[in-house]
Amino acid sequence: MRELIQRLQTYDDDAVVRLAVNPDFPFAHYLGTLTEGLDDDGHRAVFIGDGGQQSYLPRPVTVALRWTTDTTAPQTRRRTVRATAR
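Residues numbered from 1 in each chain as written. Predicted model: local features only at pLDDT ≥ 70, side-chain atom pairs only at ≥ 80, totals over all residues. Heavy atoms only, no water.

1. Description of the sheet that holds strand E3 (residues 44–56)
Piece 1. Pairing in this open sheet of three strands is antiparallel, and the strands run E1-E2-E3 from one edge to the other. Each edge of the sheet is formed by a strand with only one pairing partner; in this case those strands are strand E1 (18–21) and E3. Each strand axis lies, on average, 50 degrees off the axis of its neighbour in the sheet, ignoring direction.
Piece 2. As paired strands, strand E2 (residues 27–38) and E3 are joined by nine bridges and run antiparallel to one another. From the neighbouring strand, leucine 38 faces E3, where its bridge partner is arginine 44. (Pairing = 2+ DSSP bridges. Helix = DSSP H or I, 4+ residues; strand = E, 2+ residues; numbered from the N terminus. Axes fitted to C-alpha atoms, helices over the stretch in contact; angles between N-to-C directions.)

This is the structure:
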């Protein structure tokens, strides 16, 4: 739990927290109920429940999570063509 608290402290206190799950179908989810239990190794763990689906993750988020590559085309400048009189 200390790890989660430390990592969250690096972000803006006013930011909302969403779960990003399933890279193949990337949606943002609200936080649900938290509960304590034992993990598969018998260690105490805090489990964060899914509080429901919000929407698709924004593309920059899926890129930052490395769930997809950035396929944004680079910005190009349009070449201007000068008209010539005949």
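2. Some details on a nonpolar patch on the surface
Piece 1. Taken together, the side chains of Met1, Leu4, Ile5, Leu8, Tyr11, Val17, Leu31, Leu34, Val46 and Ile48 define a hydrophobic patch exposed on the protein surface, amounting to about 940 Å² of accessible area.
Piece 2. Contributions of two or more residues to the nonpolar patch are made by helix H1 (2–8), E2 and E3.
Piece 3. Sort the elements by how many residues they give to the nonpolar patch and H1 lands first, with three residues.
Piece 4. One can find valine 17 in the loop between H1 and E1. (Patch = residues over 30% accessible without salt bridge, like charges linked within 9 Å, V, L, I, M, F, W, Y side chains within 5 Å. Areas by Shrake-Rupley, 256 points an atom, 1.4 Å probe, with all protein chains shown as cover. Salt bridge = Lys/Arg side-chain N within 4 Å of Asp/Glu carboxyl O.)

Just geometry here; none of it tells us what the structure is for.
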